[in-house]
Amino acid sequence: MSVESGLLHGQRVLVTGGTGGIGAAIVERLAAEGAWPLIHFGRDKAAAEALLERIGGRGSVLQADLSCAEGAFELWRKAQADGRIHALVNNAGIRSEVSVDAEPEAWRAAWQKEFQVNFFAAADLCKQAIQHFRAHGGGKIVNMASRAGQRGYAADAMPYGATKAALVNLTKSIAASFGREGVFAIAIAPGWVRTAMAEAFIESHGKAAAVADIPVGEMAEPAELAELVAFVLRASQLSLNGATLDVNGGSYIR
Ligand code: NAD
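Just so you know, these numbers come straight off a predicted model, no measurement behind them.

Undergrad: Help me get a handle on the environment of Gly 179, residues and values and all.
TA: Within the secondary structure, Gly 179 is located in the loop between helix 6 (158-178) and strand 6 (183-190). When the C-alpha atoms of Gly 179 and Arg 134 are compared, they prove to be 9.9 Å apart, with 45 residues separating the residues in sequence. Sequence-distant contacts of Gly 179, defined by excluding residues within four places in its chain, comprise Ile 174 and Asn 241.

Undergrad: Can you lay out the environment of Leu 167 for me, pointing to particular residues and giving the numbers?
TA: Along the polypeptide, Leu 167 turns up in helix 6. Judged by relative accessible area, Leu 167 falls into the buried class, the value being 1%. A sequence separation of 23 residues divides Leu 167 from Met 144, and the C-alpha atoms of the two residues are 8.0 Å apart. Contacts of Leu 167, omitting those with residues within four sequence positions, involve Asn 118, Phe 119, Ala 122, Asn 143, Met 144 and Ala 145.

Undergrad: Could you give an account of the sheet that holds strand 2 (residues 36-41), naming the residues involved and the relevant values?
TA: Taken in spatial order, the seven strands line up as 3-2-1-4-5-6-7 in an open sheet, and their pairing is parallel. Each of the sheet's edge strands pairs with one partner strand only, and the pair in question is strand 3 (60-63) and strand 7 (244-247). Strand-to-strand twist in this sheet, taken as the mean axis angle between neighbours without regard to direction, amounts to 20°. As defined by bridge partners, strand 1 (residues 12-15) adjoins strand 2 across four bridges and the pair is classed as parallel. Considered in strand 2, the bridge of Val 13 is made with Pro 37. Along the sheet, helix 9 (residues 222-233) contacts strand 1, strand 4 (87-90), strand 5 (139-144), strand 6 and strand 7; its crossing angle with strand 5, the most-contacted strand, is approximately 155°.

Undergrad: Mind laying out the site of the ligand, listing which residues take part and the relevant values?
TA: Taken together, 27 residues lie near the ligand, and Ile 22, Asn 91, Tyr 160, Val 193 and Thr 195 sit nearest. The backbone of Gly 20 places a nitrogen or oxygen atom 3.1 Å from an oxygen atom of the ligand. Take Tyr 160: an N or O atom from its side chain is 2.6 Å from an oxygen atom of the ligand. Listed by contribution, the elements that provide at least two residues to the shell around the ligand are helix 1 (21-32) and helix 6. Here the residues of the shell around the ligand sort into 13 nonpolar, twelve polar and two charged.

Undergrad: Residues and numbers for the packing of aromatic side chains, please.
TA: Evaluated as defined, the whole model comprises eight aromatic pairs. With centroids separated by 5.6 Å and ring planes inclined at 55°, the aromatic side chains of Trp 107 and Trp 111 adopt a geometry described as tilted. With Trp 107 and Trp 111 both in helix 4 (residues 104-135), this residue pair falls four residues apart, about one helical turn. Classification of Trp 107 by relative accessible area gives partly exposed; the value is 26%. Measuring from ring centre to ring centre gives 6.1 Å for Phe 115 and Phe 119, while their planes differ by 80°; the resulting arrangement is edge-to-face. Placement of both Phe 115 and Phe 119 in helix 4 is noted, with a separation of four residues, approximately one turn of the helix.

The rules behind each value
Residues numbered from 1 in each chain as written. Predicted model: local features only at pLDDT ≥ 70, side-chain atom pairs only at ≥ 80, totals over all residues. Heavy atoms only, no water. Helix = DSSP H or I, 4+ residues; strand = E, 2+ residues; numbered from the N terminus. Contact = heavy atoms within 4.5 Å. Buried < 20%, exposed > 50% of the residue type's maximum accessible area, 1.4 Å probe, protein only. Pairing = 2+ DSSP bridges. Axes fitted to C-alpha atoms, helices over the stretch in contact; angles between N-to-C directions. Near = heavy atom within 4 Å. Polar contact = N/O pair within 3.5 Å; in protein donor to acceptor, adjacent residues only side chain to side chain. Nonpolar A, V, L, I, M, F, W, Y, C, P; charged D, E, K, R; others polar. Phe/Tyr/Trp six-rings, centres within 6.5 Å; stacked < 30°, edge-to-face > 60°.

Put into structure tokens, the structure is as follows:
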């Protein structure tokens, strides 16, 4: 399939955390299907430019620090500067560990940072996207949540699970409130996916701890998530709205 005949041809899609494990796979897949990815990066400009080169230069790179209160609004301004945006993929995220035995200052700092990056920045981008999509004939939002937001999470990473639960709820509100105006929202809830985030967990807890409760016995590959995002963004998907798509090997079945 050529880029011109791809199912996503002409769609300009902002992907946050575009240089991370899942983000880069999403960018490559969207580009292969003809989209024009707007590749957001936080710090690693070289990785963003290398990714842009891998997709033949058919995209743009945009920097923004989503741990700052203004980061998401700055990012949207940059993304919108070149014209209409058709979809937003809120993929950037962090997973920190903090114990209930931590000092109050460290405890509060961990919760605030996790919520800023994983949820507040995503909510700010959703606000901007909804306004933009309403004015330009519609658009789609994909929020990268997590199984952690559905079933509760580990004692040392409770902020992470809470941010992802909030993201799932936000997705439902958007789908229900703005669907009539052509704004679609979907959450994706992966279990472990083989990326740097998972490797960090494996390093401290071991692989057995990660895959023990996954019936298929393995973590998901980033390409699986990327394929799903591309599917959600197809123009033919007119009723897929408000759902949380589980990609967890059967480790959490609702
Ligand atoms: P990753 O660490 O490889 O990528 C995370 C991305 O977020 C990076 O590109 C990073 O630059 C960006 N980011 C983090 N903090 C930022 C900041 N302050 N400003 C700007 N960008 C920032 O992780 P990943 O595994 O690719 O995760 C992608 C998404 O998938 C995350 O939202 C994560 O929570 C979610 N997820 C991952 C897994 C997993 O097992 N890997 C499972 C469920 C959900």
